[in-house]
Amino acid sequence: DGGITQSPKYLFRKEGQNVTLSCEQNLNHDAMYWYRQDPGQGLRLIYYSQIVNDFQKGDIAEGYSVSREKKESFPLTVTSAQKNPTAFYLCASKPSGPNEQFFGPGTRLTVL
Amino acid sequence: DAKTTQPNSMESNEEEPVHLPCNHSTISGTDYIHWYRQLPSQGPEYVIHGLTSNVNNRMASLAIAEDRKSSTLILHRATLRDAAVYYCIGTSGGSNYKLTFGKGTLLTVNP
């Protein structure tokens with residue numbers, strides 16, 4: 001089945017540790033996105049990538065890093081510089097044009 | 001990005017139509033209007049999108065005002081599974097098509 005997978009579903013880390021969230025898609029989509037969602041709030045864009053080996057900062061990129069070495073993969077690293085990393089992280093992908101974004105199931109990160 | 005304004009919450013009864021409003025007075029001529037919905041602890045799900053004309057699909061209808069400053073998402077017969085947060089989003093112009101999510105409208109469907 002085609003879709004987007006995010007792993008793990010729940011992730012716990014100690015404060016000060018970097019952590020990498022996985023996002024894989026087999027939809028052959030060019031664009032991929034990372035969002036963060038806090039309780040009761042809408043999604044906020046962290047980073048996005050329109051093509052392989054290229055990505056742009058979103059609205060809240062500080063403390064995060066990404067890579068896009070393969071079309072199907074767009075991992076997000078939450079670094080120790082992110083002041084409040086506990087949140088629900090969502091990955092999405094989209095084909096070219098004004099089409100819908102397809103979202104993964106999300107990873108809930110808790111930093112202890 | 002086009003700024004959108006939605007009511008914080010709305011309530012409906014099962015099997016009745018629901019009209020979810022959205023204002024987007026700063027929308028540009030090339031901005032699309034997208035609607036997504038999100039169930040708790042899940043990723044958002046695409047509902048519908050449009051540019052100028054009214055649009056219909058199996059999930060809903062989208063009515064866009066002639067001046068494009070507002071739109072309405074119409075669920076023709078609400079079910080309990082339609083209870084979710086609904087986001088109205090104006091995409092940025094150009095080729096980026098970034099989506100900027102606000103807080104959306106929490107739709108409650110009563111049995």
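Check the entry above for the structure.
So, a few notes on the structure that sits alongside this text. (Residues numbered from 1 in each chain as written. Chains lettered and ligands numbered in written order. Predicted model: local features only at pLDDT ≥ 70, side-chain atom pairs only at ≥ 80, totals over all residues. Heavy atoms only, no water.)

### Here's the deal with the sheet that holds strand 3 (residues 19-25) of chain A
Residue and element names in this part refer to chain A. Taken in spatial order, the four strands make up an open sheet running 1-3-8-7, and their pairing is antiparallel. Each edge of the open sheet carries a strand with a single partner, namely strand 1 (4-7) and strand 7 (64-66). Strand-to-strand twist across the sheet, computed as the mean angle between neighbouring axes with direction ignored, equals 20 degrees. With four bridges connecting them, strand 1 and strand 3 associate as antiparallel partners. (Pairing = 2+ DSSP bridges. Helix = DSSP H or I, 4+ residues; strand = E, 2+ residues; numbered from the N terminus. Axes fitted to C-alpha atoms, helices over the stretch in contact; angles between N-to-C directions.)

### Remarks on the pairing of strand 11 (residues 107-111) of chain A
All names here are of chain A. Pairing of strand 2 (residues 10-13) with strand 11 involves four bridges; the strand directions are parallel. Within strand 11, the position partnered with Arg13 by the bridge is Val111. Pairing of strand 9 (residues 87-94) with strand 11, which is carried by three bridges, proceeds in the antiparallel orientation. Within strand 11, the position partnered with Tyr89 by the bridge is Thr107.

### Quick word on the pattern of salt bridges
Per the counting criterion, the structure on display carries six salt bridges over all chains. In this structure, Glu15(B) engages Arg77(B) in a salt bridge whose closest nitrogen and oxygen atoms are separated by 3.4 Å. Here Glu15(B) is found in the loop between strand 1 (9-13) and strand 2 (18-23), whereas its partner Arg77(B) is found in the loop between strand 7 (70-75) and strand 8 (84-90), with 62 residues between them in sequence. Judged by relative accessible area, Glu15(B) falls into the exposed class, the value being 54%. Given the relative accessible area of 53%, Arg77(B) is considered exposed. A salt bridge links Arg37(B) to Asp82(B), with the shortest nitrogen-to-oxygen separation between them at 2.8 Å. With Arg37(B) in strand 3 (residues 33-38) and Asp82(B) in the loop between strand 7 and strand 8, the pair connects residues that are 45 residues apart, well separated along the chain. Under the relative-accessibility criterion, Asp82(B) is labelled buried at 11%. Members of the salt-bridge network, linked through shared partners, are Arg36(A), Asp38(A) and Arg44(A). (Salt bridge = Lys/Arg side-chain N within 4 Å of Asp/Glu carboxyl O. Buried < 20%, exposed > 50% of the residue type's maximum accessible area, 1.4 Å probe, protein only.)

### Some remarks on unusual backbone geometry
Note that the residue after Ser7(A), namely Pro8(A), is joined by a cis bond; omega there is -10 degrees. By secondary structure assignment, the location of Pro8(A) is in the loop between strand 1 and strand 2. For Glu15(B), which is not a glycine, the phi torsion comes out positive at approximately 70 degrees.

### Details of the packing of aromatic side chains
Scanning all chains against the criterion turns up 11 aromatic pairs over all chains. A centroid spacing of 5.8 Å and a plane angle of 75 degrees characterise the contact between Tyr36(B) and Tyr46(B), whose relative ring orientation is edge-to-face. Here Tyr36(B) is found in strand 3, whereas its partner Tyr46(B) is found in strand 4 (residues 45-50), with 10 residues between them in sequence. Between Tyr87(B) and Phe101(B), the aromatic rings sit 5.2 Å apart at their centres with planes inclined by 80 degrees, giving edge-to-face as the arrangement. Here the residue Tyr87(B) occupies a position in strand 8, and Phe101(B) occupies one in the loop between strand 8 and strand 9 (105-110), the gap between them amounting to 14 residues. In this structure, Tyr87(B) and Phe101(B) share a single accessibility class: buried. In this arrangement the basic side chain of Arg108(A) is found over the ring face of Phe88(A), its NZ or CZ atom lying 4.5 Å from the centre. (Phe/Tyr/Trp six-rings, centres within 6.5 Å; stacked < 30°, edge-to-face > 60°. Lys NZ or Arg CZ within 6 Å of the ring centre and 35° of its normal.)

### Remarks on the layout of surface pockets
Approximately 360 Å³ is the volume attributed to the largest pocket. In terms of lining, the largest pocket is formed by 19 residues, of which the most central are Gln37(A), Gly40(A), Gln41(A), Val85(B) and Tyr87(B). In terms of residue count, strand 8 of chain B provides more of the lining of the largest pocket than any other element does, three residues in total. A class-by-class count of the residues in the lining of the largest pocket yields nine nonpolar, seven polar and three charged. Here the second largest pocket is characterised by a volume of approximately 230 Å³. (1 Å grid on protein atoms, 1.4 Å probe; cavity = no way out; pocket = protein on both sides within 12 Å on 5 of 7 lines; lining within 4 Å. Points joined across faces, edges and corners; volume = space filled by probe spheres on them. Nonpolar A, V, L, I, M, F, W, Y, C, P; charged D, E, K, R; others polar.)

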